[in-house]
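# Working through the structure, step by step
What follows is each chain in one-letter form.
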Amino acid sequence: MVVDQTDLYEEFGDERLPPGQRKTEKFPVLSKGETPDWNPATWTFEVWGAVDTRLSLDFEEFRSLPAETQRQDFHCVTGWSTFDREFTGVPFPELAERAGVDDDAVHVMFHALDGYTTDLPLSTCMRPEVLFAYELDGEVLSDDHGGPLRVVTPHKYAYKGAKWVTGVEFLTEPERGYWEKRGYSRTADPWAEERYS
Ligand SMILES: Nc1nc2c(c(=O)[nH]1)N[C@H]1C(S)=C(S)[C@@H](COP(=O)(O)O)O[C@H]1N2
Ligand SMILES: [Mo]
């Protein structure tokens, strides 16, 4: 079953295509640097910070978590959008529940293999469409698109979704991620055109 999340724009704007975006049929690759190497034997996914239980999962353990396939749109802050992509993975709230988020947690930092980080307020992560995805359009997620595991954030510009994600840190104070430190919006709502801060 595919859960359709392409109508979530109705919460934010009148048009499915956010202002100033151009729809592309391709799915471009956009990374700040090289695609990092990863080793299936040593890859681990960790959840730490303001949680009851620190989690540490290998890829097989991650794959055994309850997963779902969702149809989503994807909006890059540089101006392109791609529609109707199918991502399979684990919804953020599922992981948060397993770790048991502390009452004083307010913010989240995602960490990735290439040194990339990105942050979001906890409330904007606790949504089912924030997925830790390992499949794209029915195929294993390719390395360029963030394999083995990436985050997707269809309600935000795509820089909020860390490719090659290996860690989620729950924070009691907001901190800034890689692009957020370099002038990009902390909130990144595509329908409000929150590109820069
Ligand atoms: N780890 C990591 N995640 C990242 C990036 C990156 O450079 N490193 N780029 C971001 C940006 S700006 C976008 S638009 C999307 C691009 O995803 P794609 O290459 O699958 O299109 O990944 C986001 N996540
Ligand atoms: Mo982007």
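Going by what an unreviewed UniProt entry lists, the chain is known as Sulfite oxidase-like oxidoreductase and is assigned to Halalkaliarchaeum desulfuricum.

Counting 37 residues, the largest nonpolar core has Phe 45, Phe 62, Phe 92, Leu 95, Phe 110, Phe 132 and Phe 170 as its most contacted members. Secondary structure elements with two or more residues in this core: β3 (44-49), β4 (55-58), α2 (92-99), β7 (107-112), α3 (122-125), β9 (131-136) and β12 (165-171). Per-element accounting of this core gives the leading share, four residues, to α2. By size, the runner-up hydrophobic cluster in this structure holds eleven residues, among which are Phe 27, Phe 74, Phe 87 and Leu 141.

Counted by the stated rule, this structure contains eleven salt bridges. Note that Arg 54 and Glu 46 form a salt bridge whose closest N and O atoms lie 3.2 Å from each other. Classification of Glu 46 by relative accessible area gives partly exposed; the value is 23%. Among the salt bridges present, the one from Glu 94 reaches Arg 98, with a minimum N-O distance of 2.9 Å.

Along the chain, the position of Thr 118 falls in strand β8 (residues 117-121). There is a polar contact of 3.3 Å between the side chain of Thr 118 and the backbone oxygen of Tyr 159. Polar side-chain contacts of Thr 118 include one of 2.7 Å to the side chain of Glu 180. With residues up to four places along the chain from it excluded, the contact list for Thr 118 reads Val 108, Met 109, Phe 110, Tyr 159, Lys 160, Gly 161, Ala 162, Gly 177 and Glu 180.

Looking now at the pairing of strand β6 (residues 80-91). Of all twelve residues in β6, ten are buried, a share of seventy percent or more. In this sheet, β6 lies alongside strand β5 (residues 68-75) in antiparallel orientation, the contact comprising seven bridges. Opposite Phe 74, over in β6, you have Thr 82 as the bridge partner. In textbook terms, the turn of a hairpin is the stretch between consecutive antiparallel strands, and for β5 and β6 this stretch comprises four residues, one of which, Gly 79, has a positive phi near 120°. Where β6 lies against β9, five bridges are found, and the strand directions are antiparallel. The residue bridging Val 90 from the neighbouring strand is Phe 132, located in β9.

Let us now look at the site of ligand 1. Close to ligand 1 lie 20 residues; Pro 28, Lys 32, His 145, Arg 150 and Lys 163 are nearest. The backbone of Pro 28 places a nitrogen or oxygen atom 2.6 Å from an oxygen atom of ligand 1. Taken by itself ligand 1 offers 530 Å² of open surface, and the protein chains cover 99% of this. Given that more than half its atoms are within 2 Å of the pocket grid, ligand 1 belongs to the largest pocket. Grouping the constituent residues of the shell around ligand 1 by class yields 13 nonpolar, three polar and four charged.

Thresholds applied
Residues numbered from 1 in each chain as written. Chains lettered and ligands numbered in written order. Predicted model: local features only at pLDDT ≥ 70, side-chain atom pairs only at ≥ 80, totals over all residues. Heavy atoms only, no water. Core = buried A, V, L, I, M, F, W, Y, C linked by side-chain atoms within 4.5 Å. Buried < 20%, exposed > 50% of the residue type's maximum accessible area, 1.4 Å probe, protein only. Helix = DSSP H or I, 4+ residues; strand = E, 2+ residues; numbered from the N terminus. Salt bridge = Lys/Arg side-chain N within 4 Å of Asp/Glu carboxyl O. Polar contact = N/O pair within 3.5 Å; in protein donor to acceptor, adjacent residues only side chain to side chain. Contact = heavy atoms within 4.5 Å. Pairing = 2+ DSSP bridges. Near = heavy atom within 4 Å. Areas by Shrake-Rupley, 256 points an atom, 1.4 Å probe, with all protein chains shown as cover. 1 Å grid on protein atoms, 1.4 Å probe; cavity = no way out; pocket = protein on both sides within 12 Å on 5 of 7 lines; lining within 4 Å. Sits in = over half its atoms within 2 Å of the grid points. Nonpolar A, V, L, I, M, F, W, Y, C, P; charged D, E, K, R; others polar.

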